[in-house]
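Now for the letters of each chain:
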Amino acid sequence: PVSLVTNRWYHVAGTYDGTTMKLYLDGALLSSSEVGPVTMGNTDPLYFSYNNVGFGFPYYLTGQLDEVRIWGQARSQAQIQSNMHQTLTGTEPGLAAYWRLDEGSGTNILDLTTNQNNGMLQKPAWTASTAPTCDNTATTQEDTNITISLDGTDEDWDSLTALITSLPANGRLYQTQDGITRGPALIS
């Protein structure tokens, strides 16, 4: 049992390696269960925020979705944590489908991978996302003096800005929270 707070974003990830399903909430393992082999056909529809199994009536999520991803293999906890707040390009190795859900209008949602698993919204209610993602880039100069500004949000979704005025010795920047490494981010 988990108590979720309203008006707060959560990162939810599920993995399945052929025998075990794991559920992660904000990068932390929430539950794990051995379920054995699961068979699904490639033509079965995939629904997000909708369930019509076992309730006798359709159940819809009351909330918002953003940055929905499907990978071709089970991800490790470290892999989940390393990009859970990152906006992806759609070209990452092993990424099978990726919907940013930032179209802003209409009912079509585009898969940004080359697999073109485009989808359709049944009841679109587009809003500007406030999900905590980081899509920052840094530019380098000829000398060793650079300034990097990273914008983001904390767990309470308060705005944060970090200003880095010199590179770490090995060129890597790590973000940590509660003792868990959320990076690394390569600076070059």
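Quick caveat: nothing in here was measured; it's all calculated off a predicted structure. (Residues numbered from 1 in each chain as written. Predicted model: local features only at pLDDT ≥ 70, side-chain atom pairs only at ≥ 80, totals over all residues. Heavy atoms only, no water.)

S.K.: Give me the lowdown on the overall build of the protein, citing residues and values where you can.
M.R.: Secondary structure assignment for the protein yields one helix and 15 strands. By the burial criterion, 21% of the 188 residues in the protein qualify as buried. Partitioning the contacts of the protein with sequence separation of at least 6, the portion at a separation of at least 24 is 29%. Split by element, the accessible area of the protein, about 13,300 Å² in all, is 51% carbon and sulfur. (Helix = DSSP H or I, 4+ residues; strand = E, 2+ residues; numbered from the N terminus. Buried < 20%, exposed > 50% of the residue type's maximum accessible area, 1.4 Å probe, protein only. Contact = heavy atoms within 4.5 Å. Areas by Shrake-Rupley, 256 points an atom, 1.4 Å probe, with all protein chains shown as cover.)

S.K.: Could you give an account of the pairing of strand 2 (residues 20–25), naming the residues involved and the relevant values?
M.R.: The pairing of strand 1 (residues 12–16) with strand 2 spans five bridges and is classified as antiparallel. Note that in strand 2 the partner of Val-12 across the bridge is Leu-25. The antiparallel hairpin formed by strand 1 and strand 2 contains three residues in its connecting segment, where Gly-18 sits at a positive phi of about 105°. In this sheet, strand 3 (residues 28–34) lies alongside strand 2 in antiparallel orientation, the contact comprising six bridges. Note that in strand 3 the partner of Tyr-24 across the bridge is Leu-29. (Pairing = 2+ DSSP bridges.)

S.K.: Any chance you could break down the environment of Leu-88 for me, citing the residues and the numbers?
M.R.: You can see Leu-88 is positioned in the loop between helix 1 (77–83) and strand 7 (95–99). Leu-88 gets classed as buried once you look at its relative accessible area, which sits at 5%. For the pair Leu-88 and Arg-69, spaced 19 residues apart in sequence, the C-alpha to C-alpha distance is 9.4 Å. Each residue touching Leu-88, except ones within four places of it in the same chain, is listed here: Glu-67, Arg-69, Trp-71, Asn-83, Leu-95, Tyr-98 and Arg-100.

S.K.: Describe the confidence of the model for the protein, listing the residues and the values that go with them.
M.R.: Counting all residues, the mean pLDDT for the protein is 75, and 62% of those residues have values of 70 or more. By mean pLDDT, the top-scoring element of the protein is strand 3 (93), and the lowest-scoring one is strand 15 (residues 185–186) (44). Below a pLDDT of 50 lies the segment residues 184–188, which in the model reaches 13 contacts outside its immediate sequence neighbourhood of four places, other chains included. (pLDDT = per-residue confidence, 0-100.)

S.K.: How would you summarise the pattern of salt bridges if you had to cite specific residues and measurements?
M.R.: Under the counting rule described, the total for this entry stands at two salt bridges. For the salt bridge of Arg-8 with Asp-26, the shortest nitrogen-to-oxygen distance reads 3.3 Å. Highlighted residues: Arg-8 in the segment before strand 1 and Asp-26 in the loop between strand 2 and strand 3, separated in sequence by 18 residues. For Arg-69, the salt bridge goes to Glu-67, with nearest N and O atoms at 3.0 Å. One exposure class covers both Arg-69 and Glu-67, and it is buried. (Salt bridge = Lys/Arg side-chain N within 4 Å of Asp/Glu carboxyl O.)

S.K.: Outline the sheet that holds strand 3, supporting the account with residue identities and numerical values.
M.R.: Taken together, three strands build an open sheet; the order of strands is 1-2-3 and the sheet is antiparallel. Edge positions in the open sheet fall to strand 1 and strand 3, since each of these has one partner strand only. Within this sheet the neighbouring strands show an average axis-to-axis angle of 15°, counted without direction. (Axes fitted to C-alpha atoms, helices over the stretch in contact; angles between N-to-C directions.)

S.K.: Can you explain a nonpolar patch on the surface? Please cite residues and give values.
M.R.: Together, Val-2, Leu-4, Val-12, Leu-23 and Leu-30 line one region of the surface with nonpolar side chains, adding up to about 420 Å² of accessible area. Note on placement: Leu-4 falls in the segment before strand 1. Residue class for Leu-4 comes out exposed when judged on its relative accessible area of 54%. (Patch = residues over 30% accessible without salt bridge, like charges linked within 9 Å, V, L, I, M, F, W, Y side chains within 5 Å.)

S.K.: Describe in detail the environment of Val-35, supporting the description with residues and values.
M.R.: Residue position: Val-35 is located in the loop between strand 3 and strand 4 (50–51). Of the residues examined, Val-35 reaches a relative accessible area of 40% and is grouped as partly exposed. It is 5.7 Å that separates the C-alpha atoms of Val-35 and Thr-20, two residues lying 15 residues apart in sequence. Other than its neighbours up to four places away in sequence, Val-35 contacts Tyr-16, Thr-19 and Met-21.

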